[in-house]
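An overview of the molecular structure
The residues making up each chain are set out below.
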Amino acid sequence: MLPEGPRALLRAATHQAFASVDRGLERGAVGEAFLGTLGMSGWQLGNSSAVLAEEAGLPGVPAARVENACASAGAALRAGLRAVESGARDVVLVAGVEKMNDMPSARRRYWLGVSGDTEWERLAGLTFAGVYALMADRYLTEHGVGPEALAEVAVKAHRNAANNPNAHFQKPITRERALSAPRVADPLGLLDCCPVSDGAAAVVLASEETARRYTDTPVVVTGDGAASDRLALQERESLTSLSATVRAGREAFQRAGRQPADIAFAELHDCFTIAELLALEDLGFAGAGEAAAMTLSGATAIGGRLPVNPDGGLKAKGHPIGATGASQAYEIFLQLRAAAGARQVAGAERALAHNVGGSGASATVTIFERGP
Amino acid sequence: MTRSIVAAVVERPVWRSGPLRVEGPDEDAFTLSVAALERLGARPGPVRPIARATVVGSLPSELLPYLRAAIGAPELPAQLAGTGRDALYEALESSVGRAESEGPEALVAVDVAAPARAGEGAGAPASGAGAVAFLVDEGRGARVQGHGVRHHPSSRPPDATEWVRTVRSSAGPAPELGGSLTVRAPAQPPVLLAAWSRELPGLVPRAAPADDPSLGPAANVAPALEILAALRAGAAGPIRVLASIEPERTSYVGFRLDGPIELHGEAPLPPDAPERAPPEASAPEVPGISEGAYVARDRYLEGIPSRWRFVAERCPKCGGLSFPARSICRHCGCVEGLTEELLPREDRRVEARTTVRAGAQPTEFDALTAGTGGYDVVLVRLSPEARATLQGTDRRPGSFRAGDRVDTRLRRLYRSEGEWRYGRKAIPVRPGAAPGAGSA
Ligand SMILES: [Zn+2]
């Protein structure tokens, strides 16, 4: 089989998205398109949105690329929401794509540091694994917890991904294996890190009125928020909390008129296992230092109090950088329409997606609800 | 008042290769010179900033501007004064002889290791690395009383009596040669440190600093260490003469001590100091990967004040501190009237640490990782309001822990765009060597 490049990935994702519209969607209805991509490997550093329009079959439609590193698609989703909200467009396409496996590993390592601070972190020899390792080291030290909770995030992610045919990893792992995996940047080992994945995802947004023309079971975005933070970890207030997540979460909950307790399950940005623990606390699902115990208790497993990443998350489903934010929306779309198969979260009515750029310099939070 | 040598510092690399102390993957003539100057306190300041810097040794000339940047004096006159014993004596005498109004002067003698290579002259010995910095200022200390070279037939090395005559004639009419005489001679033992009195009882052999097995015949640092040893050994008053007798020529210099000199010897090696193979002649360039993020030259240069010297800025409006300094208050956005503040560089605490293992490093550090298998990165608390992300060095990877006390030093990072990139790194706290401790 020939390998798939970004064009093929985008084509597959957008055509599937269009095909998923219950009563069909004529292409001419799409008024604008937004593409999230980092452009890793430099596949199309400029004007990549034109590739989206071409592959989605939307000739002439205005398209723009939105780049916020790993939160590119989360940011593209916001751009799409604003376009619809403002009344400027009735229907908008939001897609994300990343092709990461078409370069030699040395070149890939070069790219994995491009979205963080280069003048301090990169010069000290850090890529993202190293930056998150510093947060993990501080988290474990500050809260006096061991690495088992980190390992449990990975175990849960792999278990969920085994039921996701689109996931990068399809096999469960044990906690022992996670703990004894080769070290990458301790306390993080190989199985604490998301894999290097190719992928694309796409969602179609429409105004509520328009959506009714296409489906009887829409998924409604009831609130969203976003924030930025200092690029370099050293300049942030805390090493164990991402303030961009905190602010984005508060805004999203406020706009939706909801609280953490209202959320049935969450798609959290677990690029490294530590990131999921921080997100649980920053979004108010757990108190400071309590995410470790919450995870070890099984509360974040499917069937638990707050299932996290039923699709396997970035950690096991994969993290094709620019696609991740859109793939979270895709999973929530499936779940809220009770179409997630073996990994279905029973009775889920509300869900939250959390997408982080780099090591926390940007974040988006979106709250989705089953349509009335 | 006159000008004298009033303070001196010895800085040696932490890396070793056999008995020799050698420059490591992240130490070289530049970092050793900067470390010596920093410990000497040679920096600009409100009180008597240094007015000139001179380097004797093998520092590439293109690094002179960086030396000025490293001590925060971009306009400082700085010069290279050649290499070798005679150049050092000459530079010291010139510096001491300058008018008092010229201000304090820093003088560095530096060597990088010269590995013994097969086929490069039989028996050419290997040498180690190090730097000695002298501060010459108005005040009491050591005055250079004269120096010179005397040529003589190799068949007949001069004896002590001859020597006294030579030094007397060149050092002028005044001095009574009552102190010690250091003679470095090609005979056995190869190096003699001799006590010499007015009555000329002869030469009493003793090991001289240049005999230090970790140094070898380093042309710039060995003579500087001899000077320090002689200054440390004697009381104020008489002239001390150092002489190096070679088969065909003899170089000598005389000093008179008229006050105490602040001597900062070499700091002890950390217990887990790394070993390494002898340094390669040339370091690999970072592979020329054209796309992706890297720190290009202008951004590297722009950030030097904060990255090399920890320059921060204090806001006149809200009182907040911004680090790194970017000419804007990070708290209130104020861009006017910010004042520079230097954050401390010694005895800081590690707040978080990691060990980056081979495979997780940015491509720039491939060469370093190949030799060490990884390296530590630490987040260091510089002040209540500032942290810095620094690579850890001088210890085996995996040795740093949260809570550790660290000092910081300017070191090599990697080669890019045809030149070395330097940055501060964290090292285990090296207790300042007691004044006078050191190399003998
Ligand atoms: Zn301010």
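Residues numbered from 1 in each chain as written. Chains lettered and ligands numbered in written order. Predicted model: local features only at pLDDT ≥ 70, side-chain atom pairs only at ≥ 80, totals over all residues. Heavy atoms only, no water.

A few points about the overall build of chain B
Quick reminder of the rule: Here a strand is any run of E in DSSP of at least two residues, a helix any run of H or I of at least four, and the numbering for each starts at the N terminus. Throughout this description, buried means an accessible area under 20% of the type-specific maximum (1.4 Å probe, protein chains only), exposed means over 50%, and partly exposed covers the range between. Only heavy atoms enter the contact rule, under which two residues are in contact if any of them lie within 4.5 Å.
In terms of regular secondary structure, chain B is built from eight helices and 21 strands. Residue burial in chain B is summarised as follows: out of 440 residues, 55% are buried. Taking the contacts inside chain B whose residues are at least 6 apart along the sequence as the reference set, 68% of them involve residues at least 24 apart.

Some thoughts on the overall build of chain A
The cut-off we apply is this: Counted as positive: Lys and Arg. Counted as negative: Asp and Glu. His and the chain ends are not counted at all. Charge positions come from single atoms, namely NZ of Lys, CZ of Arg, CG of Asp or CD of Glu.
When helices and strands are counted, chain A shows 14 helices and 10 strands. The C-alpha extent of chain A, read off along each of the three principal axes, is 55 × 45 × 40 Å. Long-range pairs, those at least 24 residues apart, make up 75% of the contacts in chain A with a sequence separation of at least 6. The centroid of the 35 positive side-chain charges in chain A is displaced by 3 Å from the centroid of its 41 negative side-chain charges.

Structural notes on the coordination of the zinc ion
All names here are of chain B. Selection rule: Any N, O or S atom lying within 2.8 Å of the metal counts as a donor, with the limit raised to 3.2 Å for Na, K and Ca; because water is left out of the atom set, some sites can appear incomplete. Geometry is assigned from the angles between donors: four donors with all angles from 85 to 135 degrees make a tetrahedral site, four or six donors whose opposite pairs exceed 155 degrees while the rest stay between 65 and 115 make square planar or octahedral sites respectively, and everything else is labelled irregular.
The coordination sphere of the zinc ion, as far as protein atoms go, consists of Cys315 (SG), Cys318 (SG), Cys329 (SG) and Cys332 (SG), spread over 2.3 to 2.4 Å. Here the zinc ion is ringed by four donor atoms whose angles at the metal span 104 to 120°, and the overall shape comes out tetrahedral. Binding-site remark: the zinc ion is held by donors from one chain whose sequence spacing is C-x2-C-x10-C-x2-C. Taken together, the residues Cys315 in the loop between β14 (311–314) and β15 (321–322) and Cys332 in the loop between β15 and β16 (339–342) connect sequence positions 17 residues apart. For Cys332, a relative accessible area of 35% translates into the label partly exposed.

Considerations on the environment of B:Ala91
Residue and element names in this part refer to chain B. Here Ala91 is to be found in helix α3 (residues 85–97). Each C-alpha atom, one on Ala91 and one on Asp28, is 22 Å from the other, the two residues being 63 residues apart in sequence. Sequence-distant contacts of Ala91, that is, excluding residues within four places in its chain, are made with Thr54, Val56, Ala81 and Leu107.

Quick look at the sheet that holds strand β9 (residues 350–357) of chain A
All names here are of chain A. Test applied: Two strands form a pair only when DSSP identifies at least two bridges running between them. Note on geometry: axes are C-alpha line fits, over the in-contact stretch for helices, and angles between N-to-C directions span 0 to 180 degrees.
The four strands lie next to each other as β7-β10-β9-β8, forming an open sheet whose pairing is mixed. This sheet does not close on itself; its edge strands, each paired only once, are β7 (219–228) and β8 (265–267). When strand polarity is set aside, the average angle formed by the axes of neighbouring strands in this sheet is 15°. Bridging between β8 and β9 involves three bridges; their strand directions are parallel. Within β9, the position partnered with Ala266 by the bridge is Leu352. Across the sheet, helix α3 (residues 72–85) is in contact with β7, β9 and β10 (362–370); its angle to β7 comes to roughly 120°.

Some thoughts on the packing of aromatic side chains
Note the following rule: Any pair of Phe, Tyr and Trp rings, taking the six-membered ring for Trp, is counted once the centres come within 6.5 Å. Such a pair is stacked with planes under 30 degrees apart, edge-to-face with planes over 60 apart, and tilted for the rest. Think of it as a cone above the ring: NZ of Lys or CZ of Arg counts as a charge over the ring if it is within 6 Å of the ring centre and within 35 degrees of the ring normal.
Applying the stated rule across the entire model yields 12 aromatic pairs over all chains. Ring centres of A:Trp120 and B:Phe323 lie 5.3 Å apart, and the angle between their planes is 65°; this geometry places the pair in the edge-to-face category. Of this pair, A:Trp120 sits in helix α5 (residues 118–122) while B:Phe323 sits in the loop between β15 and β16, on two different chains. Given the relative accessible area of 3%, B:Phe323 is considered buried. Judged by centre distance (6.3 Å) and plane angle (70°), the rings of B:Tyr300 and B:Trp308 are edge-to-face. B:Tyr300 gets classed as buried once you look at its relative accessible area, which sits at 0%. One aromatic cluster is present, formed by B:Phe30, B:Tyr66, B:Tyr300, B:Trp308 and B:Tyr422 through successive ring pairs. Above the face of the B:Phe310 ring, B:Arg424 is positioned so that its terminal group lies 5.5 Å from the ring centre.

Considering empty space enclosed by the protein
Cut-off, in case you're wondering: Buried and open spaces are told apart on a 1 Å grid over the protein atoms alone, a cavity being a set of points where a 1.4 Å probe fits but cannot get out and a pocket being an open set with protein on both sides within 12 Å along at least five of seven lines. Residues with an atom within 4 Å of a point are the lining residues. Grid points are joined across faces, edges and corners, and a volume is the space filled by probe spheres set on the points. Gly is put with the polar residues, along with every residue not named as nonpolar or charged; the nonpolar set is Ala, Val, Leu, Ile, Met, Phe, Trp, Tyr, Cys and Pro, and the charged set is Asp, Glu, Lys and Arg.
With the rule as written, the count across this model stands at seven cavities of 30 Å³ or more. Counted as a void, the largest cavity has a volume near 90 Å³. Lining the largest cavity we find A:Glu119, A:Trp120, A:Leu123, A:Ala124, B:Arg307, B:Thr389, B:Leu390, B:Gln391, B:Leu413, B:Tyr422, B:Gly423 and B:Arg424. Among the elements of the structure, α5 of chain A together with β19 (386–392) and β21 (419–428) of chain B are those that each provide at least two residues to the lining of the largest cavity. Looking at side-chain class alone, the lining of the largest cavity contains six nonpolar, three polar and three charged residues.

Considerations on the interface of chain A and chain B
The condition is simple: Note on definitions: buried area is the accessible-area loss of two parts on being combined, 1.4 Å probe, summed for both. One speaks of a salt bridge when a side-chain nitrogen belonging to Lys or Arg is within 4 Å of a carboxyl oxygen belonging to Asp or Glu.
Every contact between the two is made by 36 residues of chain A and, on the other side, 40 residues of chain B. Summing both sides of the interface, chain A and chain B together bury roughly 3700 Å²; the carbon and sulfur share of this comes to 53%. Together, A:Tyr110, A:Trp120 and A:Leu123 form the three largest contributors to the area buried by chain A at its contact with chain B, with a combined 22%. Connecting chain A to chain B are five salt bridges. Salt-bridge contacts for B:Arg299 lead to A:Glu119; the nearest nitrogen and oxygen are separated by 2.7 Å.

Some points on the sheet that holds strand β1 (residues 30–36) of chain A
Residues and elements named next belong to chain A. Taken together, four strands build an open sheet; the order of strands is β2-β1-β3-β6 and the sheet is mixed. Of all strands in the sheet, those with a lone pairing partner are β2 (63–66) and β6 (199–206), marking the two edges. Neighbour-to-neighbour, the strand axes of this sheet turn through a mean angle of 20°, independent of strand direction. As defined by bridge partners, β1 adjoins strand β3 (residues 91–98) across six bridges and the pair is classed as parallel. Within β3, the residue paired with Gly36 across the bridge is Gly96. Running at roughly 35° to β6, helix α1 (residues 6–19) makes contact with β1, β3 and β6 of the sheet. Helix α14 (residues 324–336) rests against β3 and β6 of the sheet, and its axis sits at about 60° to β6.

Here's the deal with the side chain of B:Thr389
In this fold, B:Thr389 is placed in strand β19. The buried category is assigned to B:Thr389, whose relative accessible area is 3%. For B:Thr389, the contacting residues outside a window of four places in its chain are A:Trp120, A:Glu121, A:Ala124, A:Leu126, A:Leu134, A:Gln234, B:Val377, B:Val378 and B:Leu379.

Some points on the domain arrangement of chain A
All names here are of chain A. This is how it is decided: Note: domain ranges come from an automatic or database domain assignment. Any pair of nitrogen or oxygen atoms within 3.5 Å is treated as a polar contact; in protein, a donor-acceptor pairing is required on top of that, and neighbouring residues in sequence qualify only through side-chain atoms on both sides.
For chain A, the domain assignment lists domain 1 (6–102 + 201–212) and domain 2 (126–192 + 219–370). Summing both partners gives a buried area of about 1900 Å² for domain 1 against domain 2, and 63% of it is carried by carbon and sulfur. Three residues stand out in domain 1 for area buried against domain 2, namely Cys70, Arg78 and Ala201, and they jointly supply 29% of the buried area on that side. Across the domain 1-domain 2 interface, the total number found is three salt bridges. Put simply, Asp224 and Arg78 hold a salt bridge, and the shortest N to O gap is 2.8 Å. At the surface where domain 1 touches domain 2, the tally comes to seven residue pairs in polar contact (both at pLDDT 80 or more). Sorting the residues of the side of domain 1 that touches domain 2 by element identifies α3, β3 and β6 as the ones contributing at least two each. Take the side of domain 1 that touches domain 2: its biggest share by element is eight residues, from α3. Of the residues contributing to the side of domain 1 that touches domain 2, the split by class is 14 nonpolar, seven polar and four charged.

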